[in-house]
Amino acid sequence: MSGRSLFAGSLSAGWLLVLAWLPGFSAAAESRVVLIEAERFAHLGGWLPDSQFMDQMGSPFLLAHGLGEPVADARTPIHLPGPGKYRVWVRTRDWVATWNAPGAPGRFQLLVDGRPLETVFGTEGAAWHWQDGGTVEVDEAAIEIALRDLTGFEGRCDAIVFSADLDWTPPATEPELTRFRRAHSKLPEQPEDAGDFDLVVVGGGIAGTCAALSAARMGLTVAFIQDRPVLGGNNSSEVRVWLQGARNKAPYPRVGDIVRELEQARHAHYGPANTADLYEDEKKLAVVAAEPNIHLALCHRANGVEMDGQRIVAAVAQHTVTGQRRRFVGRWFVDATGDGCLGALAGADHELTLPGHMGRCNLWNVIETDHPAPFPRCPWALDLSDKPFPGRAKSFPGVQTDHRGIEALGGWYWESGFDHEPFEKSEYIRDWNFRAMYGAWDALKNVDGRYPNHRLNWAAHISGKRESRRLLGDVVLTKEDVLGGRSYPDGCVPTGWPIDLHLPDPRYDKGFEGDAFIAKAHYDRYPPPYWIPYRCLYSRNIANLFMAGRDISVTHEALGTVRVMRTGGCMGEVVGMAAAVCKQHDADPREVYPQHWEDLRSRLLTGAGKAPDPSAWLKPPEWLATAGENIALKAEIRVSGNSKPDTNQPALLNDGRIDVLDNDGRWLSHAQVPNWVELAWPEPQRISAARIISGYCQDEQIVEPIAAFAWQFWQDGQWHDIPAAAATENDAADWSARFPAITADRLRLLIQATHVNVARIWEIEVYRGE
């Protein structure tokens, strides 16, 4: 086909570039060899499938992520050509040999019909390779094999081979290894047809999920490709980071409605309270499943594209368990991978900051038990026996360290990879985080003798990433744009997070220069929200490619504000609407602005969400209809304090906007009672009624309104209580009262009791009355 090419493969190593059958492996030898891919075991036991490095090392693998406790066996039945002697090969590696560290912590055995082979695997070689397991005699063709973890310390197995030819060795290099896998998995040479869609969304984090939902609700047929079994990305149970950033802000208050649908009701950012159930994976899947226009392809890694000039024709995705490849044809595409994977495969212009980009985390925590919980020495981990780290509450000469205790372990600042290429060294970076975690816990337990009854409770084996490729659009947003408040006419995505760049914390990098594992956040603040222009959301050289999430068109510095997930979700909503505009006008993304901007703008005002109707939650008083002017709108506001001055500002108290679905639309006091809000006017005002909307939106209800308070007015140099304008056990989110009229130029709401001493108020209204 003239002008059309097929690129199917790794983003770096090219392990899928060759799709044709290559010579060098005889049919006779093939018939005497059985390949078992570890991720296809019938019973995984305690082993976890890990697909995040398959573009680099060729395949998903099983990981024994036991935090120092051996995991349950993985088992599967297999069928050999017949009884007899076979040589066994296991594709694995000694994961700490990369650093010449001793101990081979990832040791495991292979059992054949319950009997372990003599070879212990995972004990040699830093690179993925076939480790010779010796020979085994079997009496029957049908047998069961099992992986037995010996340590609980991150052993890994990619595949197993049984060969009746005792002198034969499996292929070790590409493209022969890929050909071997395909042949023995009986996979077809060409990907199967997965359908033809208006929009193909690659990447199932919050940004991609919002893009898929937005487009589907606008009437587009959507293929939604995600390489994990859950949606949400960093906001899933696999990574466990809550949402930050802005949504539902004027002048486009409906942008963010889908984000709100997906956002979980409860938060617990760190420690053992940060449990998997908080992230509501099933809810996200249910919201997507309810859309008939979405074809969801979970556990599919998009690692190929078909091009026609500068247009993507199809995305090719490989199932992370079966290995089956599928071809998703689309008219428009969205790269919501975070890493710019689809764009890179298509040849999209992009940037990557090296060195000095933000790293990645594998969050972890510990928990106290009711019995002694010993932990083995870890000579292969980072040696932190005489080093400071957050959570080690002891002094070190000349170092001002974080003296918090155990609650400082495993938080966002346990981050590495700042100076490493984030793709080729992806497994290295994740494993360095593991070595830091195990080294810290070893130091606390076995050097300091602390926490005798505590154990490691949970650690993410999927890394939470912050920065890699940034795909370039017609506008590349800069730090100067954001801090200078530059207004773009196509601004459509709100930010609400400061410019927040993570760099190595100098307090902890001595001895680990170039491989720091603790980060420090560097902030540049601005008055939020800032509106990201639409022209950052599509590729400047791939005609039908949108972007949403942390791979959009920004500089390294500007990424610090746009990378958080509420903002990314709003990008997805906008991109989905923009794709609908493209379909409506037979246009490409670049043509939406300025040619069809008014069409997109009207959709932004309407939104694509299914926001609940909050009118049932509020109970405006009957007298409000005849109360006259709300004079609070003209008052100057002063407050006792503000816990989030950058986002939840006092100006929200009298901005005339009551959106109780938006928890970011409230003033938050400092955490100390009494709190107070003062309203002042240039001239005395007649006042006879007041209304307060307060609390927190959770599970489609408002909880925790301010509990005890009194209205006061200023007269004769002191504050006086207003009769009939107070509460001691208030549970009404929408509180109101009328009272005998007073005249004053200053009014104060004195808050005496509230949940965790923080007042949360959407709006204050004050009326003259009749």
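Computed from a prediction, not measured in an experiment: that's the story for all the values here.

## Some thoughts on the packing of helix α11 (residues 565–585) against helix α13 (residues 597–606)
Logical step 1: Closest axis-to-axis distance for the α11/α13 pair is 9 Å, and the angle between their directions is 140°. With respect to α13, the axis of α11 lies oblique. Crossing of α11 over α13 shows right-handed handedness. Judged by residue contacts, Val574, Met577, Ala578, Ala580, Val581, Gln584 and His585 of α11 engage Asp599, Leu600, Arg603 and Leu604 from α13.
Logical step 2: Taken together, the residues of the contact of α11 with α13 sort by class into 7 nonpolar, 2 polar and 2 charged.

## Points about the sheet that holds strand β23 (residues 464–465)
In a beta sheet, neighbouring strands pair by backbone hydrogen bonds and run either parallel or antiparallel.
Logical step 1: Spatially, β21-β19-β23 is the arrangement adopted by the 3 strands of the open sheet, whose pairing is antiparallel. The open sheet has two edge strands, β21 (415–416) and β23, and neither has a second partner.
Logical step 2: Of the pairings in the sheet, the one linking strand β19 (residues 360–361) to β23 comprises 2 bridges and is antiparallel in character. Paired with Cys361 across the bridge in β23 is Gly464.

## Some details on the side chain of Asp55
Logical step 1: Along the polypeptide, Asp55 turns up in helix α2 (residues 54–57).
Logical step 2: Given a relative accessible area of 2%, Asp55 falls into the buried group.
Logical step 3: Polar side-chain contacts of Asp55 include one of 2.6 Å to the side chain of Arg301.

## Focus: the environment of Asp500
Logical step 1: Within the secondary structure, Asp500 sits in strand β26 (residues 499–504).
Logical step 2: We classify Asp500 as buried; its relative accessible area is 3%.
Logical step 3: Discounting residues that sit within four places of it in the chain, Asp500 has contacts with Met358, Ala521, His522, Tyr523, Gly560, Thr561 and Arg563.
Logical step 4: A distance of 3.1 Å separates a polar atom in the side chain of Asp500 from a polar atom in the side chain of Trp497.

Thresholds, definitions, all that
- Residues numbered from 1 in each chain as written.
- Predicted model: local features only at pLDDT ≥ 70, side-chain atom pairs only at ≥ 80, totals over all residues.
- Heavy atoms only, no water.
- Axes fitted to C-alpha atoms, helices over the stretch in contact; angles between N-to-C directions.
- Helix = DSSP H or I, 4+ residues; strand = E, 2+ residues; numbered from the N terminus.
- Parallel < 35°, antiparallel > 145°, perpendicular 65-115°, else oblique.
- Left-handed = near helix turned anticlockwise from the far one by under 90°.
- Contact = heavy atoms within 4.5 Å.
- Nonpolar A, V, L, I, M, F, W, Y, C, P; charged D, E, K, R; others polar.
- Pairing = 2+ DSSP bridges.
- Buried < 20%, exposed > 50% of the residue type's maximum accessible area, 1.4 Å probe, protein only.
- Polar contact = N/O pair within 3.5 Å; in protein donor to acceptor, adjacent residues only side chain to side chain.

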